[in-house]
Amino acid sequence: MKAPASDILKDTQRILEIIHKEDLAADDKGWIQEMTRSGYENFINPGILEYRKAVSTDYTSIEWADSANSFMDINGKKYIDFLGGFGVFNMGHRHPKVVSTVISQLKRQALHSQELLEPFRAMLAKLVADITPGDLQYSFFGNSGTEAMEGAMKLAMLHTGRKSFVAAVGAFHGKTLGALSATARAKFRQPFLPILPDCYHVPYGDADFIESALKCADTVGNDIAAVILEPIQGEGGINVPPDDYLARVRDLCDRYGALLIIDEIQTGMGRTGKMFCVDHWGVIPDILCLGKALGGGVMPIGAFVAPKNIWEHLFPEPWLHSTTFGGNPLACVAAIAGIHVLLDEKLPERADKMGGSMMLKLKALRRRFPKLCVDVRGKGLMMGIEFPSDEIGYEVSKGLFDSGVLVAGTLFHAKTLRIEPPLTISQQEMDQALGIMEKVFKEVNAKHFEPKKIPVRR
Ligand SMILES: Cc1ncc(COP(=O)(O)O)c(C=O)c1O
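Just so we're clear, the structure is a prediction, and the values are computed from it rather than from any experiment.

**A short note on the domain arrangement of the protein chain**
- The domain architecture assigned to the protein chain consists of domain 1 (58–91 + 347–449) and domain 2 (96–344).
- Between the C-alpha centres of domain 1 and domain 2 there is a distance of 27 Å.
- Each partner contributes to the interface: domain 1 provides 27 residues, whereas domain 2 provides 27 residues.
- Contributions of two or more residues to the side of domain 1 that touches domain 2 are made by helix H4 (84–87), helix H14 (347–368), strand E11 (375–379), strand E12 (382–386) and strand E15 (416–419).
- Looking at the side of domain 1 that touches domain 2, the element that brings in the most residues is H14, giving five residues.

See below:
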């Protein structure tokens, strides 16, 4: 141990007291701020503090509480959540039904024995089969999106006996080594190459490129196990493909004997105005990956789902893929409550309606500020606003943050800000955030695109 046990006990005692407090005293706040800053500096990564400096003038702001469609920092400043945890908070923050379900389960049992059968894992798997399209039926539950991708890729290899993959430029599927092979940003991949050596990337949104990749691989005997796609690219910049894209890719996969893995980790659970984004086009994947909002905005959980004829490869050897915490009771009951809330409150329909009216308002803003705002695009409540450069994207997100609205760029660049509020967002919160956005657009536009007024000498 690097510190005496008595010091560690003192620290942990203070932290536990703080966690149990309803209201923080001023010296608690100061202590938390200092512990947080020095913790990032010395024990997490000082680079994160530097990054916050770039996106916010108050880069030491510390999040402390959240509820419904907003969260609060430690000083009590409230932010409207227009980011939604990159697709985590579809049901809002700490939805009361999800929270009370998790608390009740916690009072009975938190984690599983690892040996007996778990009721809520089984019930969740049935519900996932019920809400997913086509013959998707069997689920494996992990703890994150990237784990879901790992499992999906392994299952595709098992089913096809092939080892290669096709993914898209601009794709983001996670950062563990298998998923990273399909992820498409050089900066994330290069230090770790060759990862999975036979993962080819083609431009997104044009099925001809997929066809040519499948054809070439077929010709040279390097057959493709699966084509991996997001139905709308999130981190790549909220890229919506043409309406016939996924149906054509589905067809091509069937023709070339490759599976279609669809990553709905960000687009799923109602985000784009349907339960799953593929439902817009009636396309049924061979393997569907879920994460983020699957946990009801309260617990971490991811899943990959496939039909019986594909899952059968795991029947004789279920332990070919396993994880200690995946499918734990707390995460499963949170997911069950989340699915209940999505259907009960008709959140996919709400995303469609609110997203439609918001898109009209964003397009009106774009017409007013054509030099500042290059494009707005998206589906449901998954929208992107593009600016001419990363710097201007940063400036707008900083302005919004300072005025109490959280947005963020994508992992590929900051010039596209994404708007992914909870699907429970109210009209009043949306109007308030849009009013703030208009103010920030005016300020940034005046700074960069309006001629400076030269004072007239008399
Ligand atoms: C489309 C998509 N796939 C996979 C992932 C990885 O999920 P996780 O960060 O939970 O591993 C993400 C995360 O942003 C994502 O947006």
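**Observations regarding the site of the ligand**
- Lining the immediate environment of the ligand, one finds 14 residues, of which Ser 144, Gly 145, Thr 146, Gly 174 and Gln 266 sit closest.
- Class assignment of the residues belonging to the shell around the ligand gives a composition of three nonpolar, eight polar and three charged.

**Considerations on the packing of helix H5 (residues 96–108) against helix H13 (residues 329–344)**
- One can describe the packing of H5 onto H13 by two numbers: an axis separation of 9 Å at closest approach and a directional angle of 150 degrees. In terms of orientation, H5 and H13 fall into the roughly antiparallel class. The way H5 lies across H13 gives a crossing that is right-handed. Between H5 and H13, the contacting residues are Lys 97, Val 98, Thr 101, Val 102, Gln 105 and Leu 106 on the first element and Pro 329, Leu 330, Val 333, Ala 334, Ala 337, Gly 338, His 340 and Val 341 on the second.

**Points about the nonpolar core**
- The biggest cluster of nonpolar side chains holds 120 residues, and the ones touching the most others in it are Ala 226, Val 227, Ile 287 and Phe 304.
- Split by domain, the residues of this core number at least three in each of domain 1 (58–91 + 347–449) and domain 2 (96–344).
- If near-sequence neighbours (up to four positions away) are discounted, Ile 287 is found in contact with Ala 152, Leu 155, Ala 156, Leu 259, Ile 261, Phe 304, Val 305, Ala 306 and Ile 310.

Rules and cut-offs
Residues numbered from 1 in each chain as written. Predicted model: local features only at pLDDT ≥ 70, side-chain atom pairs only at ≥ 80, totals over all residues. Domains from an automatic or database assignment. Contact = placed C-beta atoms within 7 Å. Helix = DSSP H or I, 4+ residues; strand = E, 2+ residues; numbered from the N terminus. Near = placed C-beta within 6 Å. Nonpolar A, V, L, I, M, F, W, Y, C, P; charged D, E, K, R; others polar. Axes fitted to C-alpha atoms, helices over the stretch in contact; angles between N-to-C directions. Parallel < 35°, antiparallel > 145°, perpendicular 65-115°, else oblique. Left-handed = near helix turned anticlockwise from the far one by under 90°. Core = buried A, V, L, I, M, F, W, Y, C linked by C-beta atoms within 7 Å. Buried ≥ 20, exposed ≤ 12 C-beta atoms within 10 Å, placed from the backbone.

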